[in-house]
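Examining the three-dimensional arrangement
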Amino acid sequence: MRRKIHKTPERLGSVRIDAVAAEGKCIVRTDEGVIFVENPTGGPGVAPGDVVDLRITNRKKQYREAVAERVHEWSPVRTEPFCEHFGTCGGCKWQHIQYGEQLGFKHQQVIDHLTRIGKVDLPVIRPIMAAHPTQYYRNKLEFTCAEGRWMTTAEVSTDQPIDPRAVGFHVPGRFDKVLPIRHCYLQPDPSNAIRQAINDYVFRHDLTLYNLKMHTGFLRTLIIRTADTTQQVMVTLQVAQDNPDLLNGLLSYLQQTFPQITSLNYILNTKKNDSYQDQNVVNWSGKPYIEEQMEGLTFRIGPKSFYQTNAQQAYNLYKVARNWAGLTGRERVYDLYTGTGTIALFVARSAQQVVGVEYVEASVADARINADINGITNTTFVAGDMRDILTDSFFDQHGRPDVVITDPPRAGMDEAVTRQLLKAAPERIVYVSCNTATQARDLGILDEGYAVADVQPVDMFPHTHHVENVVLLTKR
C-alpha cells in the first residue's frame, strides 16, 4: 500500500503585484516566469502595487497561479470599496481600485491584445471613453431565488439554525450557493426596493425557493429591467411550480406595492436550469415590453430582448460607430449580429439601405417591430447563422455592402464570416467588440485587405475588467 505524500504548499513572501491581467486577475513577473494572482471569495482583492505574501495554488509549464494570504503594503491606486458585498458576490471586482486607474488598465489591455494577438499596424489609440455614472448604470439585473444561502465563517461555526433561503447573486464558482444582497449599486431604483420586497414577502408568507441540487421549490429567479429615458420598469418572475394561488398572491403584492412597474410577467419553467429563452413568457399586467428612447427613436424591449446593459454609454458608442461609418445617405450598410436592430436603426437615417443579420429569430422579430414603430422603411432584417447567410447569392440579392458594422458576441466572428467580408470588400468596416482578444484575432485575418485606421476603447462596465472597443478598418 502506497503512502500518501503531502506536499508543503509553495509560498512567496513580500512580492509586489506588477499589473492586471486577463479576466480581472493580477500578475507578478519573476525569474521563473509569471504568476497569475486570483482574488479569492471573501478576500479584499489585490491591486497593482500591493506587496503581498503568495501561496501557489497551481503550477503550469508556462506560468503559476496563486492567491494572496497577507498584505504587507497597500498600493497607492487603492480606494475604499463602496459595497458591503465586495469580495464575496463576485461582481464589481475592481471597486478597490480608483476609477481613473481602472481606465488606464483597460486602455492598456486594448493595446496589449491588438499588438500581441492581432500583430497589426496600429494608429495612436484614443483615450478610453469613461462611463458616467459609474454606479447604478445597468438597466437589467437577474437575481437568483434559491434554497442554498452562502454562509459566512461565523455563521457556519454557530449552533444557531440559519434559514437557507436567499435572494441575491451566485457566489463565484458555486452554482448552488447564493449570497443574499441587501443593497446593490448596479441598477437604479426601484430595483433594490423590489428585490427587498420580494425577499420580505418570501419570509413573511413562507414561500419555498428553488433548491438547485434537489430541483424542488417554487420561486427561482427575479429579472428586473429599467428604462433610463422613459422610467418604465419591467419585472419578470420565474417559477418552477404551477401554483396559481402562490403566484397570483406574489404578483398582486408587487402590483400594489410598486405602481411604477409598467410590465409584470412570469415564466413557468420546470426545467433543471434557469435559462428561459425557450420558455413562454406570460404578461400578467401592464404591457409585455418597456421602451427606451435614443435620438427620437423608440426601442421596445421584451423580457427576452437583448439591449445594451449600459444604455447611456451605448449611446456614446453608437455615435462613434455611426461617425466612423462615414455615411452620406448613399451607402448600403450591413449590420452583422444586429440583435434587435439597435445599431441598424440608429444609422438608417444616414444610409440608403441597411441590412441587419442576426442568428436569434426572436431578436429579428423585435428589430422589425422597432423599425415599424419608428417609421423606418429602408431596413431589412434577416435571421440565420452568419456563416450560412453571408454567401455570394446573399450579396447578389441584397447588394454588396459599402460599409459593414459588426458587433459579434464574445467569441468574435467565425473565420468563415471574416473571409466573406474580405470577399465582399466594403470600403469601411466598423468592428465593435466586447472582447478585444477575439477582436484582435479577427483583425489579424482582415489585415489581408484592411488597415486599422482608428481605435476607440469604451468603458461600459465600471469596476469590472470588461472593456468595449471600436475599430475602424479602411480598405487598402
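All of the points below concern the structure found in this document. Just so it is clear, the model here is predicted, and its values are computed rather than measured.

Overview of the overall build of the protein
Check the secondary structure of the protein and you find 11 helices and 22 strands. Computed over C-alpha atoms, the radius of gyration of the protein comes to 24 Å, within 12% of the 23 Å expected from 2.2 N^0.38 for 476 residues, which places it in the range of a compact globule. Seen through its C-alpha atoms, the protein measures out along the principal axes to roughly 75 × 65 × 50 Å. Expressed as a percentage of its 476 residues, the buried residues of the protein come to 52%. Partitioning the intrachain contacts of the protein with sequence separation of at least 6 by distance along the chain shows that 65% fall at a separation of at least 24.

Here we look at the pairing of strand S5 (residues 51-59)
Successive residues of a regular strand alternate their side chains across the two faces of the sheet. In terms of strand pairing, strand S1 (residues 11-16) meets S5 through four bridges, oriented antiparallel. In the sheet register, Leu-12 faces S5, and the bridge partner there is Leu-54. Sheet analysis places S5 next to strand S6 (residues 63-73), joined by eight bridges and oriented antiparallel. When the bridges of S6 are listed, Leu-54 appears paired with Ala-68. Connecting S5 to the antiparallel partner S6 that follows it, the hairpin turn spans three residues.

Some details on helix H11 (residues 436-446)
Within H11, eight of the 11 residues are buried, leaving the element largely enclosed by the surrounding structure. Within H11, the full set of buried residues consists of Thr-436, Thr-438, Gln-439, Ala-440, Asp-442, Leu-443, Ile-445 and Leu-446. Buried residues along H11 sit against helix H1 (99-118), helix H10 (415-424), strand S20 (428-433), strand S21 (450-458) and strand S22 (468-475). Between a side-chain oxygen at the N-terminus of H11 and the backbone nitrogen of Ala-437 the separation is 3.1 Å; the capping residue is Asn-435.

Things to note about the packing of aromatic side chains
Counted under the stated rule, the structure contains 11 aromatic pairs. By way of ring pairs, the aromatic residues Phe-82, Tyr-136 and Tyr-185 are connected into one cluster. Lying over the aromatic face of Phe-143, Arg-195 brings its terminal NZ or CZ to 5.1 Å of the ring centre. The ring of Tyr-210 carries Arg-220 above its face, with NZ or CZ at 4.0 Å from the centroid.

Here we look at the packing of helix H3 (residues 191-204) against helix H4 (residues 244-257)
For any two helices packed against each other, one specifies the crossing angle of their axes together with the interaxial distance. Closest axis-to-axis distance for the H3/H4 pair is 11 Å, and the angle between their directions is 140 degrees. Overall, the two elements H3 and H4 adopt an arrangement that is oblique. Once H3 is placed against H4, the crossing between them reads as right-handed. In this structure, H3 uses Ile-194, Ala-197, Ile-198, Tyr-201 and Arg-204 to contact H4, whose residues at the interface are Gly-249, Leu-250, Tyr-253 and Leu-254.

Comments concerning the sheet that holds S22
One open sheet holds the seven strands; their spatial order is S18-S17-S16-S19-S20-S22-S21, and the pairing between them is mixed. Of all the strands in the sheet, just strand S18 (379-383) and S21 have a single pairing partner and so form its edges. Across this sheet, the average inter-strand angle for adjacent strands is 15 degrees, counted without regard to direction. Where strand S19 (residues 403-406) meets S20, four bridges bridge the pair, whose relative direction is parallel. Paired with Ile-405 across the bridge in S20 is Val-430. Those strands touched by H1 are S21 and S22, and its axis lies near 155 degrees from that of S21.

Remarks on the sheet that holds strand S3 (residues 26-30)
Taken in spatial order, the six strands line up as S1-S5-S6-S4-S3-S2 in an open sheet, and their pairing is mixed. Only two strands of the sheet have a single partner each, and these edge strands are S1 and strand S2 (19-20).

Details of unusual backbone geometry
Residue Pro-133 follows His-132 across a cis peptide bond; omega there is 5 degrees. For the peptide bond that leads from Asp-189 to Pro-190, omega is 10 degrees, which places it in the cis range. One non-glycine residue, Cys-92, lies in positive phi territory at about 50 degrees. Assignment of secondary structure puts Cys-92 in the loop between S6 and H1. Non-glycine residue Tyr-136 carries a positive phi angle of around 55 degrees. Structurally, Tyr-136 can be placed in the loop between H1 and strand S7 (140-147).

So, how was this worked out
- Residues numbered from 1 in each chain as written.
- Predicted model: local features only at pLDDT ≥ 70, side-chain atom pairs only at ≥ 80, totals over all residues.
- Heavy atoms only, no water.
- Helix = DSSP H or I, 4+ residues; strand = E, 2+ residues; numbered from the N terminus.
- Rg over C-alpha atoms; globule rule 2.2 N^0.38 Å.
- Buried < 20%, exposed > 50% of the residue type's maximum accessible area, 1.4 Å probe, protein only.
- Contact = heavy atoms within 4.5 Å.
- Pairing = 2+ DSSP bridges.
- Polar contact = N/O pair within 3.5 Å; in protein donor to acceptor, adjacent residues only side chain to side chain.
- Phe/Tyr/Trp six-rings, centres within 6.5 Å; stacked < 30°, edge-to-face > 60°.
- Lys NZ or Arg CZ within 6 Å of the ring centre and 35° of its normal.
- Axes fitted to C-alpha atoms, helices over the stretch in contact; angles between N-to-C directions.
- Parallel < 35°, antiparallel > 145°, perpendicular 65-115°, else oblique.
- Left-handed = near helix turned anticlockwise from the far one by under 90°.

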